[in-house]
Amino acid sequence: MRLYSFHLAILAMLAFTQLAVAEDDSSRHKGLFVTANVQFTLCHELTHALIATFDIPVLGREEAAADQIATLCILYPETTSDRDPHAIEKLAAVADAWRIEWEMDKESGGTAYWDEHELDIQRYYNVLCMLYGSDPEEFEALPDRIDLPWQRAWTCADHEYDRTIKAGQWLLETFGVPDEPAASRRGGQVRVFYDEPTESKQRAHKLLVESAVFEHKSKLMNSIFDLPDDIAIVAADCLGDATAYWTDDQREVVFCYDLVERFVRLAEIRQCILGNGVALNDRQPMDPERIGRCLIDGR
């Protein structure tokens, strides 16, 4: 009897340990999801700031160009020769956010086909396209694991990724800090400000501050680009409007606490859909029935 009880105790301890590990892993994936989407969105809006600051001509839609540069911003956060070791997870998280938004729009009937942005489902495929095109050999299994059609994957590897890299390099070479040490700079700086959050936005404020994404990207912008005027990154309460945007007149990137809360919610839905299969090695394409159940009741 005592031996039987001992075995039960051991099994209970093992079950508790496995549950704790699973919960820790789940928290890590959720945290990475939120941080990656904050980083992508900030880079997207800073691209708008650069286009406005330097009056850069854009062939095609500016929103699509901003998405492409934001994707490179995650792939190569410091230099174009050093890829972020977590770029796979981060870009998968960004793509998944667009996929879930698309499914939610379909459920609500609120798909904005007229919008200047591409459809969320197109943004999903565009992000995955850049990830696959960055290293087709390493990511050979990616299209099947994350539902990127091979017809698109081939064009990503053939020319889409290379053209995006070329655009990014042109941006750095044309408007980056001159190589000559004696070259004078115009003195513009990217600065970060946090509006005092209300009680309901304390969690979003804490996530932004602890991630230090704003501070890291502002420091990087200041080191790379010779800005003629200051740019502000402002975290603000937008009273329920989950968005981020660049304002030409104020020269501000406004990043709403509400959008951070939105990312937290999307992270929870994603965890519901994928369960323990969030890591790319464990991934399977999202099951439509599972998506529907998670959007309805979160289970």
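Read on for a plain summary of the structure. (Residues numbered from 1 in each chain as written. Predicted model: local features only at pLDDT ≥ 70, side-chain atom pairs only at ≥ 80, totals over all residues. Heavy atoms only, no water.)

As a further point, take the overall build of the protein chain. When you go through the protein chain residue by residue, the secondary structure sums to ten helices and four strands. Starting at the N terminus and walking to the C terminus, you meet the elements of the protein chain as α-α-α-α-α-α-β-α-α-β-β-β-α-α. A buried classification covers 46% of the 299 residues belonging to the protein chain. Counted over contacts in the protein chain with a minimum sequence separation of 6, partners at least 24 positions apart contribute 66%. Looking at the protein chain as shown, the accessible area adds up to about 16,200 Å², and 53% of this sits on carbon and sulfur atoms. (Helix = DSSP H or I, 4+ residues; strand = E, 2+ residues; numbered from the N terminus. Buried < 20%, exposed > 50% of the residue type's maximum accessible area, 1.4 Å probe, protein only. Contact = heavy atoms within 4.5 Å. Areas by Shrake-Rupley, 256 points an atom, 1.4 Å probe, with all protein chains shown as cover.)

A separate point is the pairing of strand E3 (residues 244–247). Successive residues of a regular strand alternate their side chains across the two faces of the sheet. Here four bridges tie E3 to strand E4 (residues 252–256), and the two strands are oriented antiparallel to one another. Among the inter-strand pairings, Thr 247 is bridged to a residue of E4, identified as Glu 252. Where E3 folds back on E4, the antiparallel hairpin that results is connected by four residues, among which Arg 251 adopts a positive phi of roughly 55°. (Pairing = 2+ DSSP bridges.)

What follows covers the packing of helix H2 (residues 62–75) against helix H4 (residues 120–134). Where H2 contacts H4, the two axes come as close as 10 Å, and the packing angle between them is 45°. Here H4 runs oblique to H2, going by the angle between their axes. Two packed elements cross with a definite hand, and for H2 against H4 that hand is right-handed. Across from Asp 67, Thr 71 and Leu 75 in H2, the residues of H4 making contact are Arg 123, Val 127, Met 130, Leu 131 and Ser 134. Here the contact of H2 with H4 is composed, by residue class, of four nonpolar, two polar and two charged. (Axes fitted to C-alpha atoms, helices over the stretch in contact; angles between N-to-C directions. Parallel < 35°, antiparallel > 145°, perpendicular 65-115°, else oblique. Left-handed = near helix turned anticlockwise from the far one by under 90°. Nonpolar A, V, L, I, M, F, W, Y, C, P; charged D, E, K, R; others polar.)

The N-to-C vectors of helix H3 (residues 87–108) and H4 enclose an angle of 165°; their axes lie 7 Å apart at closest approach. Accordingly, the angle class assigned to the pair H3 and H4 is roughly antiparallel. Classified by chirality, the crossing of H4 by H3 is left-handed. Across the interface between the two elements, Ile 88, Leu 91, Val 94, Ala 95, Asp 96, Trp 98, Arg 99, Glu 101, Trp 102 and Asp 105 from H3 touch Asp 120, Ile 121, Arg 123, Tyr 124, Val 127, Leu 128 and Leu 131 from H4. By residue class, the composition of the contact of H3 with H4 is eleven nonpolar, no polar and six charged.

Once that is clear, we can look at the side chain of Glu 261. Looking at where Glu 261 falls in the secondary structure, it is placed in helix H9 (residues 257–274). Looking at Glu 261, its side chain comes within polar contact range of the side chain of Arg 203, at 2.6 Å. (Polar contact = N/O pair within 3.5 Å; in protein donor to acceptor, adjacent residues only side chain to side chain.)

In this section: the sheet that holds E3. Taken in spatial order, the four strands line up as E1-E2-E4-E3 in an open sheet, and their pairing is mixed. At either end of the open sheet lies a strand with only one pairing partner, and these are strand E1 (190–194) and E3. Between one strand and the next, the sheet's axes are offset by a mean angle of 15°, whatever the strand orientation. In terms of strand pairing, strand E2 (residues 231–236) meets E4 through five bridges, oriented parallel. By the bridge assignment for E4, Ala 232 is matched with Glu 252. Each of E1, E2 and E4 is contacted by helix H8 (residues 213–224), which is oriented at about 165° to E1, the strand it contacts most. Contacting E1, E2, E3 and E4, H9 runs over the sheet at an angle of about 45° to E4.

According to the stated counting rule, one finds four disulfides in the structure shown. Here Cys 129 engages in a disulfide with Cys 156; their sulfurs sit 2.0 Å apart. Its torsion about the S-S bond being -125°, the disulfide of Cys 129 and Cys 156 is classed as left-handed. One end of the pair, Cys 129, is in helix H4; the other, Cys 156, is in helix H6 (residues 150–175), and 27 residues separate them in sequence. Judged by its relative accessible area of 0%, Cys 156 is buried. Here the disulfide map of the protein chain reads 1-2, 3-4, 5-6, 7-8, the bonded cysteines being numbered as they appear in the sequence. (Disulfide = S-S within 2.5 Å.)

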